[in-house]
Amino acid sequence: MAAGRIGGSGVEAARPLEVRRLGTVPYAEALELQRELVAERRAGKVPDLLLLLEHPHVITLGTSARDEHVLVGDDERRLLGIELHETGRGGDVTYHGPGQLVGYPILDLKPDRCDLHRYVRDIEEALIRALSDFGVAAGRKAGLTGVWVGAEKIAAIGVRVSSGWITSHGFALNVRTDLTYFDAIVPCGIRDYGVTSLARLVDDTPSLPAVAERVAARFAEVFERRLVDAPVEQAAAAREAVAP
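Residues numbered from 1 in each chain as written. Predicted model: local features only at pLDDT ≥ 70, side-chain atom pairs only at ≥ 80, totals over all residues. Heavy atoms only, no water.

Attention now moves to the side chain of Ser162. Note that Ser162 resides in strand E8 (residues 152–162). For Ser162, a relative accessible area of 19% translates into the label buried. Within polar-contact distance, the side chain of Ser162 engages the side chain of Arg42 at 2.9 Å. With sequence-adjacent residues up to four places away left out, Ser162 is seen in contact with Val38 and Arg42. (Helix = DSSP H or I, 4+ residues; strand = E, 2+ residues; numbered from the N terminus. Buried < 20%, exposed > 50% of the residue type's maximum accessible area, 1.4 Å probe, protein only. Polar contact = N/O pair within 3.5 Å; in protein donor to acceptor, adjacent residues only side chain to side chain. Contact = heavy atoms within 4.5 Å.)

On to the packing of aromatic side chains. In total, this model carries five aromatic pairs according to the counting rule given. Taken together, a centroid distance of 5.5 Å and an interplanar angle of 80 degrees make the contact between Trp148 and Tyr193 edge-to-face. With a gap of 45 residues between them, Trp148 in strand E7 (residues 147–149) and Tyr193 in the loop between strand E9 (166–174) and strand E10 (194–195) connect regions that are remote in the sequence. With relative accessibility at 36%, the residue Tyr193 sits in the partly exposed group. Ring plane angle 20 degrees and centroid distance 4.3 Å describe the contact between Phe219 and Phe223, whose orientation is recorded as stacked. Residues Phe219 and Phe223 agree in their burial class; the two are buried. For the cation-ring pair, Lys141 lies above Trp148, with the distance from its terminal atom to the ring centre recorded as 5.5 Å. (Phe/Tyr/Trp six-rings, centres within 6.5 Å; stacked < 30°, edge-to-face > 60°. Lys NZ or Arg CZ within 6 Å of the ring centre and 35° of its normal.)

Here the focus is the sheet that holds strand E3 (residues 58–61). The strand order across the open sheet formed by three strands is E4-E3-E5, and the pairing between neighbours is mixed. Across the chains shown, the open sheet's two edge strands, defined by having one partner strand only, are strand E4 (83–86) and strand E5 (93–96). Adjacent strand axes in the sheet meet at a mean angle of 25 degrees, parallel and antiparallel pairs treated alike. By the bridge criterion, four bridges tie E3 to E5 in an arrangement that is antiparallel. From the neighbouring strand, Val58 faces E5, where its bridge partner is His96. Strands E3, E4 and E5 of the sheet are contacted by helix H1 (residues 27–42), whose axis makes an angle of about 25 degrees with E4. (Pairing = 2+ DSSP bridges. Axes fitted to C-alpha atoms, helices over the stretch in contact; angles between N-to-C directions.)

By volume, the largest pocket amounts to about 280 Å³. Every residue lining the largest pocket is counted, 23 residues in all, and those nearest its centre are Arg89, Gly91, Ile157, Gly158 and Cys188. Breaking the lining of the largest pocket down by element, the ones donating at least two residues are E5, strand E6 (100–106), E8 and E9. The class makeup of the residues in the lining of the largest pocket is eleven nonpolar, nine polar and three charged. (1 Å grid on protein atoms, 1.4 Å probe; cavity = no way out; pocket = protein on both sides within 12 Å on 5 of 7 lines; lining within 4 Å. Points joined across faces, edges and corners; volume = space filled by probe spheres on them. Nonpolar A, V, L, I, M, F, W, Y, C, P; charged D, E, K, R; others polar.)

Let's shift gears to the nonpolar core. Grouped together as the largest cluster of nonpolar side chains are 39 residues, with contacts concentrated most on Leu101, Ile123, Phe171, Leu173 and Phe219. No other element matches helix H5 (residues 208–222), which puts nine residues into this core. Filtering out sequence-adjacent residues up to four positions away, Ile123 remains in contact with Ile157, Val159, Phe171, Phe219 and Phe223. In this structure, Leu31, Leu37, Val38 and Val58 belong to the second largest nonpolar core, which totals 18 residues. (Core = buried A, V, L, I, M, F, W, Y, C linked by side-chain atoms within 4.5 Å.)

Within the structure shown, the criterion is met by 22 salt bridges. The salt bridge involving Glu68 is made with Arg66; its shortest N-O contact spans 2.6 Å. For Glu68, a relative accessible area of 38% translates into the label partly exposed. In this structure, Arg129 engages Glu221 in a salt bridge whose closest nitrogen and oxygen atoms are separated by 2.6 Å. Taken together, the positions of Arg129 in helix H3 (residues 116–132) and Glu221 in helix H5 put the pair 92 residues apart, joining distant regions of the chain. On the basis of relative accessibility, which here comes to 29%, the residue Arg129 falls in the partly exposed class. (Salt bridge = Lys/Arg side-chain N within 4 Å of Asp/Glu carboxyl O.)

Before going further, it helps to examine the pairing of E6. Of all seven residues making up E6, seven are buried, and the element is well covered by its neighbours. Across the two faces of E6 the burial is the same, with Gln100, Val102, Tyr104 and Ile106 and Leu101, Gly103 and Pro105 all buried. One ladder, built from four bridges, connects E6 with E9; its direction is antiparallel. Across the sheet, Gln100 pairs through a bridge with Asn174, a residue of E9.

Note that every value here comes from positions in space, so none of it alone points to a role or purpose.
Here it is, written out as structure tokens:
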């Protein structure tokens with residue numbers, strides 16, 4: 001899977017970006033996996049990584065989350081089968097669930113990308129390009145984070161950059177997501193705008209693997225990385241590590 005040429009030297013000179021496709025992963029297990037991989041990336045034991053996965057229904061609370069942005073009580077939330085987790089990412093309240101492509105980049109931003117604002121804008125750009133591949137004209141909204149189609153958000157972004165400029169957490173792109181679950185929260189603390197999905201915007205909705213393929217390619221393109229798949233044994237180990 002090629003990301004195309006990068007600058008004048010081509011992809012051969014670019015740092016590798018290893019893509020790990022993990023299937024459905026409970027949120028708590030994904031948090032632990034990220035902690036482990038951040039430590040391994042900091043120690044140079046793994047290359048830059050992009051984890052692509054789905055979560056079961058879960059509401060996550062970022063570092064600026066407000067209690068009133070969760071609109072269901074504990075009993076109703078449990079009846080709906082939605083877990084609740086605090087997390088170390090930036091941002092407010094968000095929802096993850098089946099049909100949503102979640103991406104967790106574990107990147108070393110040194111030496112030339114040590115800029116949090118640029119990092120978030122680059123994630124947005126990768127998703128905008130990927131959506132364009134499916135005929136969706138997405139963009140940004142002034143003063144707000146994420147990727148938007150008109151007045152509706154299609155992708156949320158919440159990141160963490162730890163010591164040594166190693167990233168974790170990332171983005172959630174609504175592909176075939178049941179958007180009624182967003183009624184349980186004020187998404188990202190924003191009351192004035194709605195949410196949408198790829199399924200609402202195109203007649204022939206692509207599969208989640210097809211969207212993951214384009215997102216990975218566009219991510220590598222924007223971040224000037226050479227896209228590689230995880231070795232078979234590594235991918236198997238990763239799936240086993242997060243298996244319930």
